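# Examination of the molecular architecture
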Amino acid sequence: MDLADALAGLDAHPWARVSHAYGPAEDLPDLLRALAEGGESAEEAISELYSCILHQGTVYPASVDAVPYLARIAVAAGAGATEVLCLLGGLAESEDEWEIAPGAVRSAVADQIPLLTTLLAHEDVDVRLVTAWTLGHTRDADAALASLRGRWTAEADPGVRAELLVALGRVDLPGATVEAPALLGPATPAPLRLAALRIALDAAEPWTQAHHDAALGLLPARQFTVDRYSLHHRDPLPAIVDTLLHRESEADHESAFALLDAALRDEDPEVRAEALSAAHRACHLSRSAPERLVPAIAPLAAAPQASALLGGLGPAGAEAAPVLAGLAARPDDEAADDALAALVRVAPRQAAPLLAGDLDRRPRALAAAADFQAPRFPYDPALLAAVRARLATAGLDNNETARLVHLLRRWGPQAAAALPELYAVLPGFPYAATAITAVAAAGPQAERERAGSVLRGAGGSLAVARAHHDLTAETDVLLDAVAEALAGPRVSAEAAEGAAALGAAAVGLLPALRAAVGEDGGTTVPQLDGDIAVATALWQIDGDAEEAVTILASVLDRTAGNQLWYRWTVVRALRAAALLGAGARLLIPRVEQLLADPEKAPAAALALLAVAGPDAVDPVRLAEAALHSAETGADVPGACEALQALGATALSVHQRRRVAELAERDRRIVGSGVAGGIIREDERLRAALAAI
């Protein structure tokens, strides 16, 4: 096929009638022509095509229309076809579809199978390999199976045969499963052995000793990866472990752990490194993984991957504490800092004196100790002295200052000796005001007065003024700071929250608060959050819920229909409605609608409990909405809070069993978040569910 045939009808096609990620697809003819002509312009064109018709894995109406041209360009391009075939395969693979019928793009690629199969016999190995990958993603057994089977019989290259087997698994899994067992032995080339393992996993076959031996014999397996062009490519060992742990049987879980344990103890450092990556995934998926794997991970603690994993395990990694402590005590180097950062989370009391002795050279350990999301780091007198000395050092950056101040804030009155250092950094670091309040609040009267005087003289920033009010209960400083903020061009949620904290003392600010409500119908998150805070402040100042309800209703109206951007804004609005209690009854119909949205359901359930009252709601219905949110991972912390508020007696027997299952099952209920906090948060929520 020549270039003219490949582009036949290109300019006459009604591109303006279909859209891609950036709107009407009128730019596609130029991009497709540049792609067909090759050279540097083709590299730019393929990048642009990925961006507009396969944008971050999403396909569009224009994606369907582009497929025939891409297929013809691939055939015309010969040895240069691999990039075009990769794009076609990615289009067929995608299940993230925008304004098109489900499977429309995949069907469009399948329609090109008679043309694309000619490339299975191409002289270039890469072209044959990517063609097999693309045909497999069509999942079209009728059109692709015969060609794939014919090439399977004729193909000699192990890499292409591996991709052909995976493709056969997509279009005819039972047939591919018949081929796979004979390919597990050590005589089979590694890529083909790996493909056979994948077929066995896809077919949900029992994991046997033969599978274990084949997987272990392939490590390190990254070099043999099949399906390398997939949008969702994963490393082989984590993929195997992931599949086994998603099965429900203890035998499959033990198979995953036995494979990891053996790999973690392997003599080859590359195998151990690959196993650590897979163990990280296992511990994030399975509650039983840490206990099973820590004995094999602990001796590897010197590796950054291992220390990070152990730190994420927290107390579950206690067996590794002696090894981590030995590493942390070594001379100044990154490995010692990594080990101490892990020890901070695994055995904090053991870590405290080590951190005190080397505070200026252990930035990662300090960050772990001062983690805003982690439990309070235990007070230690030597560490307090080290923090004071470090805080008095000239030239600290804001990050280190914030961490030192946060440690003192968490220690509260125990850190009273550090008040002079906090006073010293306050002018350049307003966050120190919150620590001053926390430290001085329970101290002697003279100390409180001194702290109040320092905060009063530190300027009118909202953070400092709020801390002064929290410490002294005096209103003038915060009133002045809030009034100044309300006079600005855009009112922040922080200013409105400051007014709310003043309560009735802020009655003089009501006109400014009312004027601050977004009359222009603003839909940015800061504008909406500001309106929510103003609504709360109006109610807390004068006790009249009517204005607050009107504002909250407006926020809910402005966020309707955009589930992605406004998730947490809506949750904040619902929590504000809950504060209003019975005064927010007019919002009940809007709130009830949100029970169907798993991301908003827990906050909606809590709002209905507070607004309508426990006697006027169906607790089983609210529990169902919260449970669905927890089971789908949409808002697990919110769901636990809602279930706690409802109480076990409000749940049906079936619902109580589901709560117990969430608490007792092996698979974690928290699937995302900051890597170091996923396990900690899962354990916290597991305990909350168990209590219910």
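## Some remarks on the overall build of the chain
A count of helices and strands for the chain gives 40 helices and 4 strands. Referenced to the eigenvectors of the C-alpha coordinate spread, the extents of the chain come out at roughly 90 × 65 × 60 Å. Counting all 692 residues of the chain, 53% fall into the buried class. Long-range pairs, those at least 24 residues apart, make up 65% of the contacts in the chain with a sequence separation of at least 6. Carbon and sulfur atoms provide 53% of the accessible area of the chain, an area that totals close to 29400 Å². Between the mean site of the 56 positive side-chain charges and the mean site of the 92 negative ones, the chain shows a separation of 6 Å.

## With respect to the nonpolar core
Among the nonpolar cores identified, the biggest contains 168 residues, and Leu 28, Leu 70, Leu 293 and Leu 422 are the most heavily contacted of them. Looking at this core element by element, the count peaks at 9 residues for helix α4 (residues 61-77). Apart from residues lying up to four places away in sequence, Leu 28 is in contact with Trp 15, His 20, Leu 49, Cys 52, Ile 53, Ala 62 and Ala 66. The next biggest cluster of nonpolar side chains, apart from the first, holds 83 residues, and it includes Leu 552, Ala 584, Ile 588 and Val 591.

## With respect to the environment of Gly 9
Following the sequence through the fold, Gly 9 ends up in the loop between α1 (3-6) and β1 (19-20). Relative accessible area serves as the criterion here: at 44%, Gly 9 is assigned to the partly exposed category. Separated by 20 residues in the primary sequence, Gly 9 and Pro 29 place their C-alpha atoms 9.9 Å from one another.

## Digging into a negative patch on the surface
Together, Glu 26, Asp 27, Glu 40, Glu 43, Glu 44, Glu 48 and Glu 83 make up a negatively charged patch on the protein surface. Ranked by the residues each element gives to the negative patch, the list is headed by helix α3 (residues 40-53), at 4 residues. With respect to the helices and strands, the residue Glu 48 is situated in helix α3.

## Points about helix α2 (residues 28-37)
If you check which residues of α2 are buried, you get Leu 28, Pro 29, Leu 31, Leu 32, Ala 34 and Leu 35. Looking at the buried side of α2, the elements it contacts are β1, α3, α4 and α5 (82-93). One or two residues past the end of α2 sits Gly 38, with phi positive at roughly 80°.

## A word on the packing of helix α32 (residues 525-542) against helix α34 (residues 567-580)
Relative orientation of the contacting elements α32 and α34 amounts to 5°, with a least axis distance of 10 Å. With respect to each other, α32 and α34 are oriented roughly parallel. For the pair α32 and α34, contact is made by Val 525, Leu 528, Asp 529, Ile 532, Thr 536 and Trp 539 and by Thr 569, Arg 572, Ala 573, Ala 576, Leu 579 and Leu 580, respectively. Here the contact of α32 with α34 is built from residues that sort into 8 nonpolar, 2 polar and 2 charged.

## Here we look at unusual backbone geometry
In this structure, Pro 220 follows Leu 219 across a cis peptide bond, with omega equal to -5°. Relative to the helices and strands, Pro 220 is located in the loop between α13 (209-218) and α14 (236-246). Even without a glycine there, the phi angle at Ala 204 is positive, about 60°. The topology assignment puts Ala 204 in the loop between α12 (190-202) and α13.

## A few points about the side chain of Arg 106
Mapped onto the elements of the fold, Arg 106 is located in helix α6 (residues 104-110). Buried charge without a salt bridge: Arg 106, with Glu 95 as the nearest opposite-charge side chain at an N-O distance of 4.0 Å. A polar contact is formed between the side chain of Arg 106 and the backbone oxygen of Ala 92, at a distance of 2.9 Å. At 3.3 Å, the side chain of Arg 106 forms a polar contact with the backbone oxygen of Ser 94. For Arg 106, the contacting residues outside a window of four places in its chain are Ala 92, Glu 93, Ser 94, Glu 95, His 137, Thr 138 and Arg 139.

## Points about the state of the cysteines
Enumeration according to the criterion identifies 0 disulfides in this entry. Free of any disulfide, Cys 52 has its nearest neighbouring cysteine sulfur in Cys 86, separated by 17 Å. According to the relative accessible area criterion, Cys 52 is buried, its value standing at 2%.

## Remarks on the packing of aromatic side chains
Taken as a whole, this structure holds 4 aromatic pairs when the rule is applied. Plain terms: the ring middles of Phe 372 and Tyr 431 are 6.0 Å apart, the flat faces sit at 45° to each other, and that makes the pair tilted. Residue Phe 372 is located in the loop between α22 (363-369) and α23 (381-391), and its partner Tyr 431 is located in the loop between α25 (419-425) and α26 (432-440); the two are separated by 59 residues in the primary sequence. An aromatic cluster is defined as three or more aromatic residues linked by ring pairs; in this entry it consists of Phe 372, Phe 429 and Tyr 431. When the ring centre of Tyr 69 is taken as reference, the NZ or CZ atom of Arg 72 above it lies at 4.8 Å. Just above the ring of Trp 152 sits the side chain of Arg 161; from NZ or CZ to the centre is 3.9 Å.

## A closer look at α3
For α3, spanning 14 residues, the distance from its first C-alpha to its last is 20 Å, which sits close to the expected 20 Å at 1.5 Å a residue. By the burial criterion, the buried members of α3 are Ala 42, Ala 45, Ile 46, Leu 49, Cys 52 and Ile 53. For α3, the angular spread of the buried residues around the axis is 140°, confining them to a single face. The exposed set on the far side of α3, more than 90 degrees from its buried face, consists of Glu 40, Glu 43 and Glu 44. On its buried side, α3 packs onto β1, α2, β3 (58-59), α4 and α5.

## Notes on the pattern of salt bridges
On inspection of all chains with the given rule, the structure shows 44 salt bridges. Two residues, Asp 202 and Arg 198, come together in a salt bridge whose shortest N-O distance is 3.7 Å. Separated by 4 residues within a single helix, Asp 202 and Arg 198 lie in helix α12, roughly one turn from each other. A relative accessible area of 45% means that Asp 202 is categorised as partly exposed. Here Glu 421 ties to Arg 388 by a salt bridge, and the two come within 2.9 Å at their closest N and O atoms.

## With respect to the environment of Leu 260
Among the structural elements, Leu 260 can be located in helix α15 (residues 250-264). Among the residues examined, Leu 260 registers a relative accessible area of 0% and is labelled buried. Leu 260 sits 132 residues away from Arg 128 along the chain, and the two C-alpha atoms are 34 Å apart. Not counting residues up to four positions away in its chain, the partners in contact with Leu 260 are Leu 237, Val 241, Ala 275, Ala 278, Ala 279, Ala 282 and Leu 293.

## A few points about the packing of helix α29 (residues 476-486) against helix α30 (residues 493-502)
At a minimum axis separation of 9 Å, α29 and α30 run at an interaxial angle of 145°. The element α29 and its partner α30 pack so that their crossing is left-handed. In this structure, α29 contributes Leu 478, Leu 479, Val 482, Ala 485 and Leu 486 to the contact, and α30 contributes Ala 495, Gly 498, Ala 499 and Leu 502. Residues that form the contact of α29 with α30 fall into these classes: 8 nonpolar, 1 polar and no charged.

The rules behind these values
Residues numbered from 1 in each chain as written. Predicted model: local features only at pLDDT ≥ 70, side-chain atom pairs only at ≥ 80, totals over all residues. Heavy atoms only, no water. Helix = DSSP H or I, 4+ residues; strand = E, 2+ residues; numbered from the N terminus. Buried < 20%, exposed > 50% of the residue type's maximum accessible area, 1.4 Å probe, protein only. Contact = heavy atoms within 4.5 Å. Areas by Shrake-Rupley, 256 points an atom, 1.4 Å probe, with all protein chains shown as cover. Lys, Arg positive; Asp, Glu negative; His and termini not counted. Charge placed at Lys NZ, Arg CZ, Asp CG, Glu CD. Core = buried A, V, L, I, M, F, W, Y, C linked by side-chain atoms within 4.5 Å. Patch = residues over 30% accessible without salt bridge, like charges linked within 9 Å, V, L, I, M, F, W, Y side chains within 5 Å. Salt bridge = Lys/Arg side-chain N within 4 Å of Asp/Glu carboxyl O. Axes fitted to C-alpha atoms, helices over the stretch in contact; angles between N-to-C directions. Parallel < 35°, antiparallel > 145°, perpendicular 65-115°, else oblique. Nonpolar A, V, L, I, M, F, W, Y, C, P; charged D, E, K, R; others polar. Polar contact = N/O pair within 3.5 Å; in protein donor to acceptor, adjacent residues only side chain to side chain. Disulfide = S-S within 2.5 Å. Phe/Tyr/Trp six-rings, centres within 6.5 Å; stacked < 30°, edge-to-face > 60°. Lys NZ or Arg CZ within 6 Å of the ring centre and 35° of its normal. Expected span 1.5 Å × (residues − 1). Arc of directions from axis to C-beta. Left-handed = near helix turned anticlockwise from the far one by under 90°.

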